[in-house]
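# Working through the structure, step by step
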Amino acid sequence: GEEMKTHHRLLIYFLSLLLIVTLTGCSELFLKSKNHYASSTVNYLYPDKEVIEKPTIPSLSLPLRVGVAFVPETGSRSTLSHLSEKDKYDLMERIASEFKTLEFVKEIEIIPSAYLTKRGSFTNLDQIKTMYGIDIITLLSYDQVQHTDEGLLSLSYWTIVGAYLVKGERNYTNTMLDAALYDISSRKMLFRAPGISHIKGSATLVNLSEKLREDSRASFHAAADNLVVNLREELERFRQKVKDQPEEYIIEHKPGYSGGAAIESVFALILVALAGVALWRERKP
């Protein structure tokens, strides 16, 4: 009896020690883990970097028809982001709503991911232009890195089956979303707007994977909020740039459209005003 109890105690001690070593070894894998998710507009548009089409002067035919799309992910399935198709669609809807406020934009088309092919380049965009009747397109891409910072493994309470409570470790999730607006026909990038997010979190060894997934989606959403703010500013800068630098853009009107004063050359308006003043002075007795 007493000898059997001693053997049981030794066995429990040995198993507990083995479990500590095992968990400590496993923890090192978690504590220094790194996840990286990305898609690239550059890789999509210029897959063969030695063959880069030189852009020409954009001819903007008003009112514009704008497309919004995510470029394809290029990594393996294990390196794809936690963004669902619904997450992507919701973000594209937010981007589209910004363009709907512009008087010189007629239609916004949200392009499903399936229509953009990997390494598709402008050949793929020409097909989408024909299919949807768009003039320019906003290409969305992202880059997200998650680090699980190293720290001491703290075991607060033990049972025969292992750790009951493990101290949370520090997690860092950094995300960048990028929106690049291209005139498809001229191959010219009109402007771009970034969205940045930094999230710090913590998780136990048990729910680390779930917490990292939650932080990933939360960081994407925060980056989207920042992107929308920056997009508004870039749209206004673009509108002003077209006014101030008419030599860089050709402005045309589609049949039946007479608007677009917001991005017409400011110099033409000045000339009209000056001509009116001169005529008034000539007629003044």
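Below, the structure is looked at part by part. (Residues numbered from 1 in each chain as written. Predicted model: local features only at pLDDT ≥ 70, side-chain atom pairs only at ≥ 80, totals over all residues. Heavy atoms only, no water.)

### Regarding the packing of aromatic side chains
Taken as a whole and judged by the stated rule, the model has six aromatic pairs. Where Phe238 meets Tyr249, the ring centres are 5.8 Å apart and the plane angle is 85°; that geometry is what we call edge-to-face. Pair noted here: Phe238 is in helix H5 (residues 208-244) and Tyr249 is in the loop between H5 and strand E10 (250-253), with a separation of eleven residues, a long-range link. A relative accessible area of 6% places Phe238 in the buried class. Counting every residue linked through ring pairs, the aromatic cluster contains Tyr46, Phe122 and Tyr182. (Phe/Tyr/Trp six-rings, centres within 6.5 Å; stacked < 30°, edge-to-face > 60°. Helix = DSSP H or I, 4+ residues; strand = E, 2+ residues; numbered from the N terminus. Buried < 20%, exposed > 50% of the residue type's maximum accessible area, 1.4 Å probe, protein only.)

### Observations regarding helix H4 (residues 121-132)
For H4, built from twelve residues, the straight-helix expectation of 16 Å at 1.5 Å per residue is met to within 8% by its first-to-last C-alpha distance of 17 Å. Along H4, the residues that are buried comprise Ser121, Phe122, Asn124, Leu125 and Ile128. Each buried residue of H4 lies within a common arc of 150° when the element is viewed along its axis, so the set occupies one face. For H4, the exposed residues set more than 90 degrees away from the buried face come down to Thr123 and Thr130. Downstream of H4 by one or two residues, Gly133 has phi in the positive range, about 70°. (Expected span 1.5 Å × (residues − 1). Arc of directions from axis to C-beta.)

### Digging into the pattern of salt bridges
Counted by the stated rule, this structure contains 14 salt bridges. A salt bridge links Lys88 to Glu73; its shortest N-O distance comes to 3.0 Å. Taken together, the positions of Lys88 in helix H3 (residues 85-99) and Glu73 in the loop between strand E3 (64-70) and H3 put the pair 15 residues apart, joining distant regions of the chain. One exposure class covers both Lys88 and Glu73, and it is buried. As a salt-bridge pair, Arg239 and Glu236 come within 2.5 Å of each other at their nearest N and O atoms. Of the two residues, Arg239 and Glu236 are both situated in helix H5; the distance of three residues between them amounts to about one turn of the helix. On the accessibility criterion, Arg239 (22% relative accessible area) is partly exposed. Residue class for Glu236 comes out partly exposed when judged on its relative accessible area of 38%. (Salt bridge = Lys/Arg side-chain N within 4 Å of Asp/Glu carboxyl O.)

### Some remarks on the environment of Leu102
Mapped onto the secondary structure, Leu102 falls in the loop between H3 and strand E4 (105-110). In the structure, Leu102 is positioned 38 residues away from Leu64 in sequence and 9.8 Å away in space, judged by C-alpha atoms. Once residues lying within four places of it in the same chain are set aside, the contact partners of Leu102 are Leu235 and Arg239. (Contact = heavy atoms within 4.5 Å.)

Taken by themselves, the reported measurements are silent on function.
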